[in-house]
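# Close look at the chain arrangement
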Amino acid sequence: RPAAARSRSARSGPPTGGAARGARRTLAALLAAAALALPAAAQGAQDDPDIGPPAPAGLAPQAAAPGSRTVASVNSKPITGSDVAYSLRVLSRGGPVDPELENTIVRRMGEEILLATEAERLGLDLSPSQVNSYWMRWFGFEPDYEESAAQAGTTVDRQRELAERTILSELYVYCRVGLMQMPGARIDVDLGLKHMVDVTPQQLREYFKEFRDELGRPATVSVAIYPTGDPDEAARIAAALRAETTPSGPAPIRQEVPLDALPQVFGYAPSLAAFARDGVVGAVSDPTEAPGQAGPVQLVVQVTARAEAEAADFASVQDELKNRIQSNLLVQAKREIVRRLARQAVYFPEDLFDEPLTGR
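An account of the accompanying structure is given in this report. (Residues numbered from 1 in each chain as written. Predicted model: local features only at pLDDT ≥ 70, side-chain atom pairs only at ≥ 80, totals over all residues. Heavy atoms only, no water.)

### Quick word on the side chain of Glu336
Relative to the assigned elements, Glu336 resides in helix H15 (residues 314-343). When its relative accessible area of 17% is taken as the criterion, Glu336 is described as buried. (Helix = DSSP H or I, 4+ residues; strand = E, 2+ residues; numbered from the N terminus. Buried < 20%, exposed > 50% of the residue type's maximum accessible area, 1.4 Å probe, protein only.)

The structure is reproduced here in structure tokens:
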């Protein structure tokens, strides 16, 4: 593949800073934490943005999809309506569903079957503890198979199977492109794919030049967020913070947030976004009500630190640059692997692998 083409594809879009990604998840996290402070009878309708299956604890149980009808099949392994419905609910966070999302989920599940089946054929075998370890490393939370089985209306064994399939499929891709080796597996490195994902010094320099402004550290504000379901407790928390004492109760949610991400972080409480943007270090907000799935939530926010914007320095960001470019290239390599495996697979519907996905 020509170097110029590889360079263009690696720069398909601007990078997204890790701080901004993490910041945009904060509100859902604090609302989930706040629900824990509500009476037990009011719990159970919390929302969590993490992608599954298996989902982290806290996602509200829902009725299962109609039966376990097979919506697609790859090499005699079914993709069921229940599996798809559960993923739809988690990915849409209970909101409106994009008509294309279901097709994307089915396609992705089909890809995982192709990749995981080939990994198993070549001797890649994982213990349950290894699956859990990789899941924690990649997704940031421990799988709770009992919880997700109850929410999806399936079985614990089914949830374990889906989790293992996800991990096996990713490990197979990494092994094929030469980024990992798994002892005991007979997965040979494909030199063409390895070349596809290798990041050259030229690509690093071009990427840095093109996205230098986005790679710099944005101006940020650090906040401590105290959620509670009790207005009186919220008033006590605010009073304690203003008196420079530690409030009783659970520890706050602490987050460093880019200033331009504040409207997303505090999307349900715009006044808190303005407070965090303008407040001096040490300032404490008044208790502010925000809507929660289990009822109104009271939020108290304290500004704990500020940091000025800093321009990017190539030496300090080149490892991050390499990871970002390589992630884009891995998407392309994965599509090529799937295309090859699909030629020898038996599957339905017949157009399951016709349209390439736009993301990993």
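### What to know about the environment of Gln318
Relative to the helices and strands, Gln318 resides in helix H15. Gln318 sits 113 residues away from Arg205 along the chain, and the two C-alpha atoms are 8.8 Å apart.

### Re the sheet that holds strand S2 (residues 77-80)
Spatial ordering of the open sheet is given by S2-S1-S7, a layout of three strands whose pairing is antiparallel. Both outer strands of the open sheet, S2 and strand S7 (347-348), are each paired with one neighbouring strand and no more. Sheet topology places strand S1 (residues 70-74) next to S2; four bridges connect them, and they run antiparallel. Residue pairing for S2: Thr70 is matched across the bridge by Thr80. (Pairing = 2+ DSSP bridges.)

### Brief notes about the packing of aromatic side chains
Enumeration according to the criterion identifies seven aromatic pairs in this entry. Ring centres of Tyr134 and Trp138 lie 5.3 Å apart, and the angle between their planes is 40 degrees; this geometry places the pair in the tilted category. Of this pair, Tyr134 and Trp138 both sit in helix H6 (residues 128-139), four residues apart, which is roughly one turn of that helix. Judged by its relative accessible area of 10%, Tyr134 is buried. Judged by relative accessible area, Trp138 falls into the partly exposed class, the value being 28%. Their ring planes at 80 degrees and their centres at 5.8 Å tell us that Trp138 and Tyr174 sit as a pair that is edge-to-face. Placement of the pair is Trp138 in helix H6 and Tyr174 in helix H8 (residues 156-176), with a sequence separation of 36 residues. Taken together, the ring pairs in this structure connect Tyr134, Trp138 and Tyr174 into an aromatic cluster. (Phe/Tyr/Trp six-rings, centres within 6.5 Å; stacked < 30°, edge-to-face > 60°.)

### Looking at the nonpolar core
Within the largest apolar cluster, 57 residues are counted, with the highest numbers of intra-cluster contacts made by Ile79, Val84, Leu114, Leu124, Leu126 and Tyr172. Secondary structure elements with two or more residues in this core: S1, helix H4 (81-92), helix H5 (99-121), H6, H8, helix H9 (191-197), helix H10 (201-210) and H15. If one sorts the elements of this core by residue count, H15 sits on top with 10 residues. In contact with Leu114, other than residues within four places in its own chain, are Val74, Asn75, Val338, Leu341, Ala342, Ala345 and Phe353. Counting 20 residues, the second largest nonpolar core, distinct from the first, contains Val221, Ala261, Ala273 and Ala276. (Core = buried A, V, L, I, M, F, W, Y, C linked by side-chain atoms within 4.5 Å. Contact = heavy atoms within 4.5 Å.)

### So, the pattern of salt bridges
Tallied over the full model, the rule gives 16 salt bridges. Among the salt bridges present, the one from Arg121 reaches Glu118, with a minimum N-O distance of 2.7 Å. With Arg121 and Glu118 both in helix H5, this residue pair falls three residues apart, about one helical turn. Note on Glu118: relative accessible area 16%, which makes it buried. In this structure, Arg340 and Asp190 form a salt bridge, with 2.7 Å as the shortest nitrogen-oxygen distance. Of this pair, Arg340 sits in helix H15 while Asp190 sits in the loop between H8 and H9, and the two are 150 residues apart along the sequence. Owing to a relative accessible area of 15%, Asp190 belongs among the buried residues under this scheme. (Salt bridge = Lys/Arg side-chain N within 4 Å of Asp/Glu carboxyl O.)

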